[in-house]
Amino acid sequence: MTVQINRERLAATFTELCEISSPSRKEGAIAAHLKKSFAALGADSVYEDDSASRTGSESGNLIVRFAGNQPEREGLFFSCHMDTVEPGMGVRVVRTGDIFTSAGETVLGGDDKTGIAAVLELLALLKENRIPHPKIEVVVTTCEEIGLLGAKHLDYKKLETPYGYALDSTGINHVVIGAPAANKIMIELKGVAAHAGLCPEAGINALALTVQALAGIRLGRLDDESTCNFGIIQGGVATNIVPDKVVLRGEVRSHSQEKLTRYTDEIFAAFQSTVDNWQGGPAT
Ligand SMILES: [Zn+2]
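Now for a description of the structure that goes with this document.

Conventions and cut-offs
- All residue numbers here refer to positions counted from 1 along the written sequence of the relevant chain.
- In keeping with the predicted nature of the model, local features appear solely for residues at pLDDT of at least 70, side-chain atom pairs appear and are counted solely at 80 or more, and the whole-chain, interface and lining totals rest on all residues.
- To obtain the side-chain values, all non-hydrogen atoms of the structure were used and water was disregarded.
- Sites may look incomplete because water is not among the atoms; the donors themselves are N, O and S atoms within 2.8 Å of the metal, or within 3.2 Å for Na, K and Ca.
- Irregular is the default label, applied whenever a site is not tetrahedral (four donors, all angles between 85 and 135 degrees) and neither square planar nor octahedral (four or six donors, opposite donors over 155 degrees apart, all other angles between 65 and 115).
- Per the convention used, a helix needs a DSSP run of H or I reaching at least four residues, while a strand needs a run of E reaching at least two, with both numbered from the N terminus.
- Two strands are counted as paired when DSSP detects at least two bridges linking them.
- Axis definition: a line fit to C-alpha positions, over the contact stretch in the case of helices; interaxial angles, taken between N-to-C directions, run 0 to 180 degrees.
- Should any heavy atoms of two residues lie within 4.5 Å, those residues are counted as being in contact.
- In protein, a polar contact requires one atom able to donate a hydrogen and another able to accept it; more generally it is a pair of N or O atoms within 3.5 Å, and residues adjacent in sequence count only if both atoms are side-chain atoms.
- For this analysis, a nonpolar core means a set of buried residues of the types Ala, Val, Leu, Ile, Met, Phe, Trp, Tyr and Cys, connected via side-chain atoms within 4.5 Å.
- Exposed residues in this analysis have more than 50% of their type's maximum accessible area, buried residues have under 20%, and partly exposed residues fall in between, with area computed by a 1.4 Å probe over protein chains only.
- Within this document, salt bridges are pairs made up of a side-chain nitrogen of Lys or Arg and a carboxyl oxygen of Asp or Glu, the two lying within 4 Å of each other.
- Under this scheme an angle from 65 to 115 degrees is roughly perpendicular, one under 35 degrees roughly parallel, and one over 145 degrees roughly antiparallel; angles in between are oblique.
- If you view the pair so one helix is near and one far, a crossing is left-handed when the near helix is turned anticlockwise from the far one by less than a right angle, and right-handed when it is turned clockwise.
- As a working rule, the residues Ala, Val, Leu, Ile, Met, Phe, Trp, Tyr, Cys and Pro are called nonpolar, Asp, Glu, Lys and Arg charged, and the rest polar, with Gly in that last group.

**Section: the coordination of the zinc ion**
- Protein coordination of the zinc ion is provided by His81 (NE2), Asp111 (OD), Asp168 (OD) and Asp168 (OD), with donor distances spanning 1.9 to 2.4 Å.
- One can describe the site at the zinc ion as irregular: its four donor atoms subtend angles covering 56 to 141° at the metal.
- In the primary sequence, the donor residues of the zinc ion line up as H-x29-D-x56-D. Of this pair, Asp111 sits in helix α4 (residues 110-128) while Asp168 sits in the loop between β7 (164-166) and β8 (181-190), placing them 57 residues apart in sequence.

**Focus on the sheet that holds strand β1 (residues 45-48)**
- Sheet architecture is open: five strands sit in the order β1-β2-β6-β3-β7, paired in mixed fashion. Because the sheet does not close on itself, it has two edges, and the strands there are β1 and β7. Shown here is a sheet whose adjacent strand axes are inclined to one another by a mean of 15°, direction ignored.
- Bridge analysis of strand β3 (residues 76-81) against strand β6 (residues 136-141) gives six bridges, and the strand direction is parallel. Within β6, the residue paired with Leu76 across the bridge is Ile136.
- The sheet contacts of helix α2 (residues 28-40) involve β1, β2 (62-66) and β6, and relative to β2 the element is tilted by about 5°.
- Packing of α4 onto the sheet brings it into contact with β2, β3 and β6, and relative to β3 it is tilted by some 145°.

**A closer look at the side chain of Ser256**
- Mapping Ser256 onto the fold places it in the loop between β13 (245-254) and α7 (257-276).
- Within polar-contact distance, the side chain of Ser256 engages the backbone nitrogen of Lys259 at 3.0 Å.

**Thoughts on the sheet that holds β13**
- A sheet is described by the order of its strands in space; here four strands give the open sequence β8-β13-β11-β10, paired in antiparallel fashion. Edge positions in the sheet fall to β8 and β10 (220-223), since each of these pairs with one other strand and no more. Adjacent strand axes in the sheet meet at a mean angle of 25°, parallel and antiparallel pairs treated alike.
- As judged from the three bridges shared by β10 and strand β11 (residues 226-235), these two strands associate in the antiparallel manner. Counted as the bridge partner of Gly220 is Cys228 from β11.
- Sheet contacts for helix α6 (residues 206-215): β8, β11 and β13; angle to β13, the most-contacted strand, approximately 20°.
- The sheet strands contacting α7 are β8, β10, β11 and β13, and the helix crosses β8 at an angle near 5°.

**A look at the nonpolar core**
- Core analysis: the largest hydrophobic core is formed by 31 residues, its most contacted members being Leu34, Phe38, Phe66, Leu123 and Val138.
- Elements represented by at least two residues in this core include exactly α1 (7-18), α2, β2, β3, α4 and β6.
- Setting aside residues up to four positions removed in sequence, Phe66 forms contacts with Phe38, Leu41, Gly42, Ala43, Asp44, Leu123, His133, Pro134, Lys135, Ile136 and Val138.

**Comments concerning the pattern of salt bridges**
- One pass over the structure, following the stated rule, counts 19 salt bridges.
- Lys26 is the salt-bridge partner of Glu86, the closest N and O atoms lying 3.9 Å from each other. With Glu86 in the loop between β3 and β4 (93-96) and Lys26 in the loop between α1 and α2, this pair connects stretches of sequence that are 60 residues apart.
- A residue is classified by how much of its surface remains accessible, and Glu86, at 48% relative accessible area, is partly exposed.
- Two residues, Lys259 and Asp223, come together in a salt bridge whose shortest N-O distance is 3.7 Å. In this pair, Lys259 sits in helix α7 while Asp223 sits in strand β10, placing the two residues 36 residues apart along the sequence.

**Section: the packing of α6 against α7**
- At their nearest, the axes of α6 and α7 sit 9 Å apart, and the two run at 130° to each other. By the criterion of interaxial angle, the relationship of α6 to α7 is oblique. In the crossing of α6 with α7, the sense of the turn from one axis to the other is right-handed. Together, Leu209, Thr210, Gln212, Ala213 and Leu214 of α6 and Ala270, Phe271, Thr274 and Val275 of α7 make up the contact between the two elements.
- In the contact of α6 with α7, the residues fall into six nonpolar, three polar and no charged.

If you want it as structure tokens, here you go:
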């Protein structure tokens, strides 16, 4: 059985979703809209979990269930997120042929309204064509863009299907089956401020400490499944002041939890050793 996607309905659904602004934590309107949409598609249950109090969102995550009519077959879920990045208030969609953009003042919100629109179209096709299917659950999370907060506070025991697909990626012809874990790193080096012209001996240059430590650390690709980067350095107030504080921010990523821990520990050890071996006085 071949079923044609209703392109214009899909386009209309997508546009409607985009124009319901939903920056992270302001998902109340989109959640209310989605509850109605799923109910209209014949959902057997539409459940909003209690994660809102922990994520700070206007809404909890939605878990929507379509029981289907093939109980002998294993069900599956589809997952999307309902929030967008900023600037995301007052989204207006401009359509030029098959290209959708925002009017220019905001993001479009295609991430992840495309995923939600695809699921709604799928459910509409299943319903109107009376296509037999096993249990389908739809999980629409909040606050994805600010650290996957909705997903982190989702009660997975509420799900009845064992596995599913997260529809939140670029392209239509690939599936992501693994992702690295990451450690975000913030290192603050404290030296001693001093006037660089009058009494530089009294100072400990936190910037010099940082550079020295950083020079001993491997950056970039560490092995075939791990990377490391420092991307932000902040410190110092004037060319004639020995800087007494530098803050460095970076990250380590790895598909191996053991390597992630080891590389992260190595970085902190390298900084600690640089500080410990400093000859000029107490730095921390
Ligand atoms: Zn996304």
